[in-house]
4 protein chains.
Amino acid sequence: MARRAGTTGAETAEKVRKAALELFARSGYAAVSMRAIAAETGVQAGAIYNHFPTKQDLLNELLRVHMETLLSAWEEVEVPGLAPPEALEHFVRFHIRYHLDRSREVFISYMELRSLEDENFSAIEVLRRDYEKVPRAILERGAADGSFAIIDPQITTMAIIAMLTGMTTWYRENGRLSLDEIEAVYVRLVARLVGQKEED
Amino acid sequence: MARRAGTTGAETAEKVRKAALELFARSGYAAVSMRAIAAETGVQAGAIYNHFPTKQDLLNELLRVHMETLLSAWEEVEVPGLAPPEALEHFVRFHIRYHLDRSREVFISYMELRSLEDENFSAIEVLRRDYEKVPRAILERGAADGSFAIIDPQITTMAIIAMLTGMTTWYRENGRLSLDEIEAVYVRLVARLVGQKEED
Amino acid sequence: MARRAGTTGAETAEKVRKAALELFARSGYAAVSMRAIAAETGVQAGAIYNHFPTKQDLLNELLRVHMETLLSAWEEVEVPGLAPPEALEHFVRFHIRYHLDRSREVFISYMELRSLEDENFSAIEVLRRDYEKVPRAILERGAADGSFAIIDPQITTMAIIAMLTGMTTWYRENGRLSLDEIEAVYVRLVARLVGQKEED
Amino acid sequence: MARRAGTTGAETAEKVRKAALELFARSGYAAVSMRAIAAETGVQAGAIYNHFPTKQDLLNELLRVHMETLLSAWEEVEVPGLAPPEALEHFVRFHIRYHLDRSREVFISYMELRSLEDENFSAIEVLRRDYEKVPRAILERGAADGSFAIIDPQITTMAIIAMLTGMTTWYRENGRLSLDEIEAVYVRLVARLVGQKEED
DNA sequence: GATGAATGAGACTTCATTCAT
DNA sequence: CATGAATGAAGTCTCATTCAT
């Protein structure tokens, strides 16, 4: 049968992306079939191939777009002249907010890297490294100007990212603390990690 | 054909466990076939079913045994009377050493929880919670006796675990720092997170 | 590859039904593989699943449709006002003709009931009972109006059905007697079973 | 492990026969696995092969022994000089009693003939034909001496056997009629089929 | 004579993908 | 652009059978 009235190809592609994101996050790339994505989208499996050449391309696009969006979102909110302590706080708040809003993208970005074929994997890895350079640079500036007392910049960077990203595994919207409170806690924890003096 | 001379069932079962661990860690549970595990083990796929009723049982056993072993390993090295700062350092060193030795078990314990069927999932979750209680209890003791200045016990606990476990994703045996050095860095980072005074 | 030009799904489904009927009758449900049905149909095994969800559903549909068709075929030829002796003769001729035309359906309807899962089994049983009510009712009418001298209505009903249906196990198209002759013999045998007076 | 104390090979072989009979009757030859038979027997599948070379041999032995036993049981009770009416009644009573006692053997003798490989099938067919000759001979004697008014000897023979054997499909031990009563009904039905005068 | 472990084939079913319509 | 039907490969698991112990 032909396309139903009132739908456009772009709409379908977007619905496929949403469905795939949801399902990959819930069950993992390998465990999700094109038929399952199609069912969630409301089309037959064959229709997906009008928009994405292969299942692998679908995953790759999700991850690539996520990383690109993350990077450009940071570029948009970044405040260039900020002193390291304020810059780090700014980054922490950005990272938490952004990652909670896209918890499924974040999740599959960590989980499904290994499902990418080599070439795709490498491209995503580059983007990931780029993002890791953001806190790393702040740490190094802070170490240089004496506002931080960094133990080891590389490990501290990874520790910060792991700590912040780990939040997506336990955060629930109606938990004990509000998002603002959690953010505040993490800002202070990160400050401690980099050896800032407590200001309260 | 029957069993080849000189082999035993227990050996095969162990080889299957090893192969499955390796492959699940590398490619993920859903992406690994029983045939692939069998090939790595050196038997036909059907032979696995003499030792494990289903693929799910195989995963479940790996995860269950890992968590049980982790818990009993801790119980064995735990030093009951230790003051909170020393207890925390002890835990950090234990966790790092143990997790690096079993990086694949750790990896699939985090990655493949979602591949467990409901009942199996619940059982493993209980064990995971049990393990999280270990640092949590130390933090609370330290908060009570004033040796720590904890910002938020729950978040700090999760942050410590995420930070430490994240190491398995980037640690390489011949990297810039030795394991001893890395351990020392993490001990200090954790000390900062819980608000201990720097002792150096 | 996709569908070959000039074929339709309905055709394939029908070919699958035919092949399954043939093979189930010859070798039994459990001894026939989906691959064998597919080979007889001229498609790959997977293609069957576009038309029948499971092998069990395929069997179930064959049996259900057979029983429904049998019942509605009877309803179509039934002559309501007929006196019991003529009604019984009418039924005997119908049963023989119908069952010889569909000897494979009849065969698997008796043989493969036990291969049906519980729910499917119950549904088919209901239809079978409905069909058995047809001769039973004629017998009872004939007993009531004195045209028959029934020994025991239930046993006689079962005896008639067993006797008639048993014919499918030995009937061969080019045997000693023509179908018309066989029919005539059975009409007289049934007349004897119900205690009609011989009219010749 | 070796044989458990107190069991003998002959016992196991007999238990295997019983289990196979039971399971073949319930689910059909093709649907029953050697493992299932072994489980019902209380041994491992491999042990069956100490007593029966293949699954096919097991089926074949069950059918062959059944037919041989049936034939020799008849030979034992047969009363040579009996007049046709009494001989037929004698046969009917024998057939019913014998078949109800061995309903599973009877059932698989009809159902699983097609599961026999060619050579085995032919051998069993010979025995079946031998048994069918028994009523056939009585009918012919009765036709010759005028005590029966047979419509068609072959069809009547098959009708009698189908009718009698069909009973195993609906007979229940605690049904409406006792076995004696059922027997009496069938004796009279058969007498009608062969055109004897009603004697009551 | 029995066990337990193995093989190699094959069971049902699902999969990613293709393509006529 | 979507459907529905197909392929060919592969998935998990079971099977009859064999054989070292």
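Residues numbered from 1 in each chain as written. Chains lettered and ligands numbered in written order. Predicted model: local features only at pLDDT ≥ 70, side-chain atom pairs only at ≥ 80, totals over all residues. Heavy atoms only, no water.

- The name given to chain A in an unreviewed UniProt entry is TetR/AcrR family transcriptional regulator, with the source organism recorded as Hoeflea ulvae.

1. What to know about the overall build of chain A
Stage number 1. Across its full length, chain A holds nine helices and zero strands.
Stage number 2. Going residue by residue from the N terminus, the α and β elements of chain A occur as α-α-α-α-α-α-α-α-α.
Stage number 3. In terms of overall dimensions, chain A has a C-alpha envelope of 70 × 40 × 30 Å along the principal axes.
Stage number 4. When the 200 residues of chain A are sorted by exposure, 50% land in the buried category.
Stage number 5. Counting contacts in chain A only where the partners sit at least 6 residues apart, residues at least 24 apart contribute 69% of the total.
Stage number 6. Summed over its atoms, the accessible surface of chain A is roughly 10,000 Å², and 51% of this surface lies on carbon and sulfur atoms. (Helix = DSSP H or I, 4+ residues; strand = E, 2+ residues; numbered from the N terminus. Buried < 20%, exposed > 50% of the residue type's maximum accessible area, 1.4 Å probe, protein only. Contact = heavy atoms within 4.5 Å. Areas by Shrake-Rupley, 256 points an atom, 1.4 Å probe, with all protein chains shown as cover.)

2. Points about the interface of chain C and chain D
Stage number 1. Residue-level contacts link 36 residues of chain C with 35 residues of chain D.
Stage number 2. Around 2,900 Å² of area is buried between chain C and chain D when both sides are counted, 66% of it from carbon and sulfur atoms.
Stage number 3. Taken together, the links from chain C to chain D amount to four salt bridges.
Stage number 4. Linking D152 of chain C and R176 of chain D is a salt bridge whose minimum nitrogen-to-oxygen distance equals 3.0 Å.
Stage number 5. Taken together, the connections running from chain C to chain D amount to twelve residue pairs in polar contact (both at pLDDT 80 or more).
Stage number 6. Those elements that place two or more of their residues in the side of chain C that touches chain D are α1 (9-27), α6 (103-111), α8 (153-170) and α9 (179-193) of chain C. (Buried area = accessible area lost by both parts, 1.4 Å probe. Salt bridge = Lys/Arg side-chain N within 4 Å of Asp/Glu carboxyl O. Polar contact = N/O pair within 3.5 Å; in protein donor to acceptor, adjacent residues only side chain to side chain.)

3. Observations regarding the relation of the copies chain C and chain D
Stage number 1. With an RMSD of 0.1 Å, chain C superimposes on chain D once it is rotated by 180° and translated 0.0 Å along the axis. As the rotation angle and translation indicate, the two copies are arranged about a two-fold axis.
Stage number 2. When the interface residues of chain C are mapped onto chain D, 97% of them again fall at the interface, so both copies present the same face. (Least-squares fit on C-alpha atoms with pLDDT ≥ 70 in both.)

4. Quick look at the UniProt feature "domain: HTH tetR-type" (unreviewed entry) in chain A
Stage number 1. In this numbering, the UniProt entry assigns the feature "domain: HTH tetR-type" (unreviewed entry) to residues 10-70 of chain A.
Stage number 2. Helix makes up 75% of residues 10-70 of chain A and strand makes up 0%, while its end C-alpha atoms are separated by 23 Å. (UniProt positions renumbered as here; feature names shortened; annotations may be inferred.)

5. Quick word on the relation of the copies chain B and chain A
Stage number 1. Of the two same-sequence chains, chain B is brought onto chain A (RMSD 0.1 Å, axial shift 0.1 Å) by a rotation of 180°.
Stage number 2. By residue overlap, the copies meet face to face through one surface: 100% of the interface positions of chain B are interface positions in chain A.

6. Here's the deal with the arrangement of the chains
Stage number 1. No interface is formed between chain A and chain C, the nearest pair of C-alpha atoms being 11 Å apart.
Stage number 2. You won't find any contact between chain B and chain D; their C-alpha atoms come no closer than 11 Å.

7. Some points on the packing of aromatic side chains
Aromatic ring pairs: the centre-centre distance and the angle between the two ring planes describe each pair.
Stage number 1. All told, the structure shown has 20 aromatic pairs over all chains when counted by the stated rule.
Stage number 2. Three or more aromatic residues joined by ring pairs make a cluster, and in this case those are W74, F91, F94, Y98 and Y131 of chain A.
Stage number 3. The cationic tip of R128 of chain B hangs over the ring face of Y110 of chain B; the distance from NZ or CZ to the ring centre is 4.9 Å. (Phe/Tyr/Trp six-rings, centres within 6.5 Å; stacked < 30°, edge-to-face > 60°. Lys NZ or Arg CZ within 6 Å of the ring centre and 35° of its normal.)

8. Some points on the side chain of D152 of chain C
Stage number 1. Locating D152 of chain C in the fold gives a position in the loop between α7 (118-144) and α8.
Stage number 2. Polar contacts involving the side chain of D152 of chain C include one to the main-chain amide nitrogen of I155 of chain C, which spans 2.9 Å.
Stage number 3. Setting aside residues up to four positions removed in sequence, D152 of chain C forms contacts with R176, L177 and V185 of chain D.

9. Here we look at the domain arrangement of chain A
Quoted interface sizes are often the accessible area lost when the parts come together.
Residues and elements named next belong to chain A.
Stage number 1. According to the domain assignment, chain A contains domain 1 (1-52) and domain 2 (53-193).
Stage number 2. Using only C-alpha atoms to locate each centre, domain 1 and domain 2 end up separated by 29 Å.
Stage number 3. At the boundary of domain 1 with domain 2, total buried surface from both sides reaches about 1,500 Å², with 70% on carbon and sulfur atoms.
Stage number 4. Of all residues in domain 1, L21, Y29 and F52 bury the most surface against domain 2, accounting for 48% of the area lost on that side.
Stage number 5. A salt bridge links R17 to E61; its shortest N-O distance comes to 2.5 Å. (Domains from an automatic or database assignment.)

10. Concerning the packing of α1 of chain C against helix α2 (residues 34-41) of chain C
The packing of two helices is summarised by the inter-axis angle and the distance between the axes.
Residue and element names in this part refer to chain C.
Stage number 1. Interaxial distance between α1 and α2 falls to 8 Å at its minimum, and their mutual angle equals 120°. Between α1 and α2, the crossing angle belongs to the class labelled oblique. For the crossing formed where α1 meets α2, the hand is right-handed. Of α2, the residues touching α1 (which contributes T12, K15, V16, A19, A20, L23 and F24) are A36, I37, E40 and T41.
Stage number 2. Across the contact of α1 with α2, the residue classes tally to seven nonpolar, two polar and two charged. (Axes fitted to C-alpha atoms, helices over the stretch in contact; angles between N-to-C directions. Parallel < 35°, antiparallel > 145°, perpendicular 65-115°, else oblique. Left-handed = near helix turned anticlockwise from the far one by under 90°. Nonpolar A, V, L, I, M, F, W, Y, C, P; charged D, E, K, R; others polar.)

11. What to know about the packing of helix α1 (residues 9-27) of chain B against helix α6 (residues 103-111) of chain B
All names here are of chain B.
Stage number 1. At their nearest, the axes of α1 and α6 sit 9 Å apart, and the two run at 55° to each other. When the interaxial angle is binned, α1 and α6 end up oblique. Helix-helix and strand crossings are classified by hand; for α1 and α6 the assignment is left-handed. Mapping the contact onto sequence places L21, E22, F24 and A25 in α1 and R104, E105, F107 and I108 in α6.
Stage number 2. Looking at the contact of α1 with α6 residue by residue, the class counts come to five nonpolar, no polar and three charged.

12. What about the side chain of T157 of chain D?
Stage number 1. Here T157 of chain D is to be found in helix α8 (residues 153-170).
Stage number 2. There is a polar contact of 2.7 Å between the side chain of T157 of chain D and the backbone oxygen of P153 of chain D.

13. A look at the pattern of salt bridges
Stage number 1. If you walk through the whole model with that rule in mind, you get 60 salt bridges over all chains.
Stage number 2. Where R26 of chain D meets E22 of chain D, a salt bridge forms, and the shortest distance between an N and an O atom there is 3.0 Å. You can see R26 of chain D and its partner E22 of chain D sitting in helix α1 (residues 9-27), four residues apart, about one turn around the helix.
Stage number 3. A network of salt bridges, in which partner residues are shared, links E89, R93, R97, D180 and E183 of chain A.

14. What about the interface of chain B and chain A?
Stage number 1. Contacts between chain B and chain A engage 34 residues on the former and 36 residues on the latter.
Stage number 2. Across the chain B to chain A interface the summed buried area is about 2,900 Å²; carbon plus sulfur atoms make up 66%.
Stage number 3. If you sort the residues of chain B by the area they bury against chain A, R114, I151 and R192 of chain B come out on top, with a joint share of 26%.
Stage number 4. Summed over the shared surface of chain B and chain A, the number is four salt bridges.
Stage number 5. Remark: the boundary between chain B and chain A carries twelve residue pairs in polar contact (both at pLDDT 80 or more).
Stage number 6. Those elements that place two or more of their residues in the side of chain B that touches chain A are α1, α6, α8 (153-170) and α9 (179-193) of chain B.
Stage number 7. Residue classes in the side of chain B that touches chain A are distributed as 21 nonpolar, six polar and seven charged.

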